[in-house]
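Fold and geometry: a report
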Amino acid sequence: MISRRIFTALIGSVALLPGLALAQDAAPAPFDNPGQVDIALVRYLSTGDFFQAYLSGVEKQAAALGVNLQVFDSRQDAALQADMVDQAIALGVDGIIIQHGLTESMKEAAQRAVDAGIKVVAFDVNVENAAIPQIEQSDRDLARLALEQAIADNGTEWVAGYVYVPGIAPLDRRDETWKEVKAANPGIQEVAMFGTLDNPIANSVANQARSVLSANPNITVMFAPYDEFAKGVKIAVDEAGMSGQVSIYSADISTADIALMREAGSSWKATAATNPAVVGEVSVRALAQLLAGEEVGASVIVPPTLITQAQLNELDIKNMEELGAKMPAFAHAEVALSPWIKLPER
């Protein structure tokens, strides 16, 4: 690997002095020559609006920095994702973003990248490596906000269906909150747990949800903490004619989700979300800070926002652009910022 000059401690300390900051064009190495910086995004999940928006954020922040980006898409093939990390290593990239995946398949692959002198950040996959910062959506807060709204709307006694696939770091963290909420509210009765990541995810979940609703017609709340799960549940609820009986609470959001939540009589009542494009931007910025020799920390957390059906209707929000404009907390995250890092144009 070509050795890189790092941002010196002297410059870092000067930037912290009151009233002083680096000019945006005074970028540290290697970003004083960004056209020679190569980074890779190695993806496990890519189906759905969330992941398309995340990719867009990665692309826009990489373009703003002027670096070269290569995207590897394993389409939920864990072994292939590990191979793609090795491909990125062989190509001699300077940095890698690992996006989702399974700990058992990514742990060793991520370590091989670190051993090769490559800087790595991981979004929503626990690679169990102290050298690799975790980019997180604060998944526990995502679940907490959605479930607090479910309790506000339905009280503390209801029959629930729950969509969950274990082994995926963000879903596992959301599951921890679900278990805590059930323990604190014994009147919440979970009668069915189901879920799949088979493509297309929404349709595959809908097939499961049809059977669940048929077997458990007393369900009044569905907790589906991923928007593709929520889409699938809504398909089944609508087909069963149960939209007036079942309320859906989820995580993540997209323009398509907004339209579904705003349909007349929609059962999708609330979601908690970060802007996936912003999370993509944060992932690139954190990697850039690592490459510049800056301290990033063990985790980089992007705070979520609660978005209810009532808010969308009251503010007449129809798409992600209007969501960011009318709910400013959703539009930008004051996370992983350095004075020299150029942000994408809004």
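These notes cover the structure that comes with them. Small disclaimer: the values here were computed from a predicted structure and weren't measured.

**Some words on the sheet that holds strand β3 (residues 95-99)**
Pairing in this open sheet of six strands is parallel, and the strands run β2-β1-β3-β4-β5-β11 from one edge to the other. Looking at strand neighbours, the two that pair on one side only are β2 (68-73) and β11 (299-301), the edges of this open sheet. The mean inter-strand angle of the sheet, taken between neighbouring strand axes irrespective of direction, is 20 degrees. With five bridges connecting them, strand β1 (residues 38-43) and β3 associate as parallel partners. The residue of β3 that forms the bridge with Arg-43 is Gln-99. Contacting β1, β3, β4 (119-123), β5 (134-136) and β11, helix α10 (residues 276-291) crosses the sheet at an angle of about 155 degrees to β4.

**With respect to the sheet that holds strand β6 (residues 158-163)**
The strand order across the open sheet built from six strands is β7-β6-β8-β9-β10-β12, with neighbouring strands paired in mixed fashion. Strands with a single pairing partner mark the edges of an open sheet, and in this sheet they are β7 (188-194) and β12 (305-308). Here the strands of the sheet are splayed against their neighbours by 20 degrees on average, with no regard to which way each runs. In this sheet, β7 lies alongside β6 in parallel orientation, the contact comprising six bridges. Residue pairing across strands places Val-163 opposite Phe-194, the latter belonging to β7. The sheet strands contacting helix α6 (residues 169-184) are β6, β7, β8 (221-224) and β9 (247-251), and the helix crosses β7 at an angle near 150 degrees. Where helix α8 (residues 227-239) meets the sheet, its contacts fall on β6, β7, β8, β9 and β10 (268-273), and the angle it forms with β9 comes to roughly 165 degrees.

Parameters and conventions
- Residues numbered from 1 in each chain as written.
- Predicted model: local features only at pLDDT ≥ 70, side-chain atom pairs only at ≥ 80, totals over all residues.
- Heavy atoms only, no water.
- Pairing = 2+ DSSP bridges.
- Helix = DSSP H or I, 4+ residues; strand = E, 2+ residues; numbered from the N terminus.
- Axes fitted to C-alpha atoms, helices over the stretch in contact; angles between N-to-C directions.
- Contact = heavy atoms within 4.5 Å.

Purely spatial values, then, with no claim about function.
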